[in-house]
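Coordinates in review
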Amino acid sequence: MSFDRSIKIAPSILSADFANFGAECRAIEAQGADWVHVDVMDGHFVPNITFGPATCAAIRPHIKGVMDVHLMIAPVDPYIEAFAKAGADIITAHVEAGPHIHRTMQAIRGAGAKAGVALNPATPAAAVEYLLDMVDLVCVMTVNPGFGGQKFIHSQVDKVRQLRAMIGDRPIHIEIDGGVDPTTAPLVASAGADVLVAGSAVFRGGSVSDPAPYGANIRAIRDAARA
Ligand code: DX5
Ligand code: ZN
């Protein structure tokens, strides 16, 4: 994985057909997705449950590019090795998931993956200040984590701007997760974000048997972000 700040669209398979993850991953990549965003939820850190490392390992062979695994689980540390072995390129953990996020970032890199740290909407940018020399990605949650299809929280745009200034020249991606569509994408892109996660705005209107709408949706977000 080489570093660049061009806009990358990362469809979240939370909005895909759960009985068809392999075909859905192949379809979104064929339709122009840059990364595949994989949402892991435990029913404890967030009020919803998705799947774990076995599912990540099963879908890995169906993804040619970057598998971006977003852990909405607590605790995190006991599961890092399993997600790294499942083939995650990036493992992102929440700053709110426990008292030792610094150790968690060390453990992710130690397991051979890129390390991401995510911030819930109520968490200030300053929470990651002392992590910036040990992370590859900062994920700004623009909804409260747990569900797809929620409304974008506009106050987070200012947080993105602050993070962009804090990051300076460091090779760290700023990822946006939640409520991204062609209307909100330009707000976060101009504030300094480069990775745009989108679930409902990518998968709406399409399916594995009719994937062209995925491509049109991805292009619409990318074009809006670049404008
Ligand atoms: C929310 C997840 C997101 C979600 C985004 O907890 O982390 O990745 O799937 O969904 P949309 O794009 O529908 O807001
Ligand atoms: Zn996510």
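In this report, we go over the structure that sits alongside the text. Worth saying up front: this structure is predicted, and the values here are computed from it rather than measured.

**Description of the site of ligand 1**
In the vicinity of ligand 1 there are 20 residues, among which Asp39, Gly146, Asp177, Gly199 and Ser200 approach most closely. A distance of 2.8 Å separates an oxygen atom of ligand 1 from a polar backbone atom of Gly179. Going through the elements one at a time, strand 2 (35–41), strand 3 (66–72) and strand 8 (195–198) are the ones with two or more residues in the shell around ligand 1. Among the residues making up the shell around ligand 1, the classes are represented as eight nonpolar, ten polar and two charged.

**Details of helix 1 (residues 21–30)**
When you tally the buried positions in helix 1, you get seven out of ten residues, the bulk of the element. What helix 1 keeps buried is the set Phe21, Gly22, Glu24, Cys25, Ala27, Ile28 and Glu29. In this structure, the buried residues of helix 1 make contact with strand 1 (8–11), strand 2, helix 2 (53–59), helix 7 (200–203) and helix 8 (212–226). Residue Gly32 follows helix 1 closely and has a positive phi angle near 110°.

**A word on the coordination of the zinc ion (ligand 2)**
Within the first shell, the zinc ion (ligand 2) binds the protein through His37 (NE2), Asp39 (OD), His70 (ND1) and Asp177 (OD), at distances of 2.0 to 2.3 Å. Counting gaps between the donor residues of the zinc ion (ligand 2) yields the pattern H-x1-D-x30-H-x106-D. Of the two residues, His37 and Asp39, both sit in the buried class.

Conventions adopted
Residues numbered from 1 in each chain as written. Chains lettered and ligands numbered in written order. Predicted model: local features only at pLDDT ≥ 70, side-chain atom pairs only at ≥ 80, totals over all residues. Heavy atoms only, no water. Near = heavy atom within 4 Å. Polar contact = N/O pair within 3.5 Å; in protein donor to acceptor, adjacent residues only side chain to side chain. Helix = DSSP H or I, 4+ residues; strand = E, 2+ residues; numbered from the N terminus. Nonpolar A, V, L, I, M, F, W, Y, C, P; charged D, E, K, R; others polar. Buried < 20%, exposed > 50% of the residue type's maximum accessible area, 1.4 Å probe, protein only. Contact = heavy atoms within 4.5 Å. Donors = N, O, S within 2.8 Å, 3.2 Å for Na, K, Ca; no water.

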